[in-house]
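# Structural description and commentary
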Amino acid sequence: MKIIVITKHYVKNYGSVLQTYATQELLKRNKNEVIIANYVLPQSAGMRYMDVVLRKHTSRLKRGIFKIILLPTMLRWEKVFGGFLKKYVNVYGDPAGDCAALERELPEADLYCTGSDQVWNPQTNGDLQPPYFCEFAKEGKERVSFAASFGVKQVDEKYKAALKSYLEKYSALSVRETSGVRMIERMGMQAVEILDPVFAAGSEFWVRFAGKRKIKKSYVLVYQLNSSKKFDSYAKWASEKLGKQLVRICTRYDQIVKNGKSVLIPSVEEWISLFYYADYVITDSFHGTVFSLLFEKEFVSIYPPKFSERIENLLSMVKLEDRHVAEDDTPELPKNKIDYKEVNKILENERQKTNEFIDLILKDK
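Now for a look at the structure at hand. (Residues numbered from 1 in each chain as written. Predicted model: local features only at pLDDT ≥ 70, side-chain atom pairs only at ≥ 80, totals over all residues. Heavy atoms only, no water.)

## Comments concerning the packing of helix α12 (residues 286–294) against helix α13 (residues 309–317)
Where α12 contacts α13, the two axes come as close as 9 Å, and the packing angle between them is 20°. Taken as axis vectors, α12 and α13 run roughly parallel relative to one another. Along its contact with α12, which presents F286, T289, V290 and L293, the element α13 presents R310, I311, L314 and L315. Within the contact of α12 with α13, the residues separate by chemical class into six nonpolar, one polar and one charged. (Axes fitted to C-alpha atoms, helices over the stretch in contact; angles between N-to-C directions. Helix = DSSP H or I, 4+ residues; strand = E, 2+ residues; numbered from the N terminus. Parallel < 35°, antiparallel > 145°, perpendicular 65-115°, else oblique. Contact = heavy atoms within 4.5 Å. Nonpolar A, V, L, I, M, F, W, Y, C, P; charged D, E, K, R; others polar.)

## Observations concerning the nonpolar core
Side chains of a nonpolar character, in soluble globular proteins, are inclined to be buried together. L18, W206, L221, W271, F275, F291 and L293 are the most contacted members of the largest nonpolar core, which totals 71 residues. Ranked by residues supplied to this core, first place goes to helix α14 (residues 340–362) with eight residues. For W206, the contacting residues outside a window of four places in its chain are L18, Y21, A22, V198, A201, I272, F291, L294 and F295. One finds Y10, I35, A37 and C134 within the second-largest nonpolar core, a separate group that totals 41 residues. (Core = buried A, V, L, I, M, F, W, Y, C linked by side-chain atoms within 4.5 Å. Buried < 20%, exposed > 50% of the residue type's maximum accessible area, 1.4 Å probe, protein only.)

## Points about the side chain of Q129
Within the secondary structure, Q129 is located in the loop between α5 (122–125) and β5 (142–145). For Q129, a relative accessible area of 15% corresponds to the buried category. Setting aside residues up to four positions removed in sequence, Q129 forms contacts with Y39 and L41.

## Some words on unusual backbone geometry
Negative phi values dominate among residues other than glycine, just as trans dominates among peptide bonds. Although it is not a glycine, I265 adopts a positive phi angle of roughly 40°. For I265, the location among the structural elements is in the loop between β10 (261–264) and α11 (268–277). Although it is not a glycine, E296 sits at a positive phi angle of roughly 55°. Looking at the secondary structure, you find E296 in the loop between α12 and β12 (298–301). Residue classification places E296 among the partly exposed residues on the basis of a relative accessible area of 44%.

Here is the structure:
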């Protein structure tokens, strides 16, 4: 069977490429051929993505200066994330920016699948994007969603009619947040909550990428996606409290000035390795939290200013709400160690639900 998956594979982000790869591998069971549609939001293509990164700088002069500063980072991103996709993921054809281009570029498939990530978030995408609803599929072709995300608890009223018309064309809907299930149910449809594909793949799937330990000393790992001085102060305080070296994954070269030992834009495999060998993790990232759980780490999640719903939902699912620390709190660490025996029981049950959904959408195809 041939399956076409559309997701945010192109985003210069570790979580994005890893969830793409995991989705592909999970759907390849029974020797299915899985193709990742090479859809790229026009505003996020090439150097235009730099404008997204720099949107907070209104001054033309400042934007120009920062573009020069960020150019080496952009080139490194292309090597790290583009290289991983080229090596492991079956991304098909030239980049396409709309449904018409995808129709021309893609072969016909037996099943069309909207994959994970915030594909249905009109805020981050600038609108509801028809390609993320498989609108390029020929009439009558089956559509399903696999751990898709709205990224928010509620979408704006103006999007609801169009959203419903898109989702009604799906034969099976799965999302990765409880709030997403409720949103779909309020539209009169059914959906199931399943694990993010990175989780569903399991820890053993990812350990093979870890390789040998490169940082000999025990360390507190920081993976931070949102700039915050309070976050930086907390990380410094926590590493001193724990008596361990602070190691920071820098996603941009200019972040080398932040506190801690900098690891500058590591390869995807090195990124996994840094989590695997860490003694403690501090993160504001959903997939940073996911890998902390997969590798059974003590960790703290500091919610980002926007789109924290998925982290909140995840911690609630595994009953680790105490792992959330607010930036404006008096610095503290969770008092109790994580009971991973109980966490893994929960995750195994959720993994079973996810596998049942995969069996459902692949049955008799």
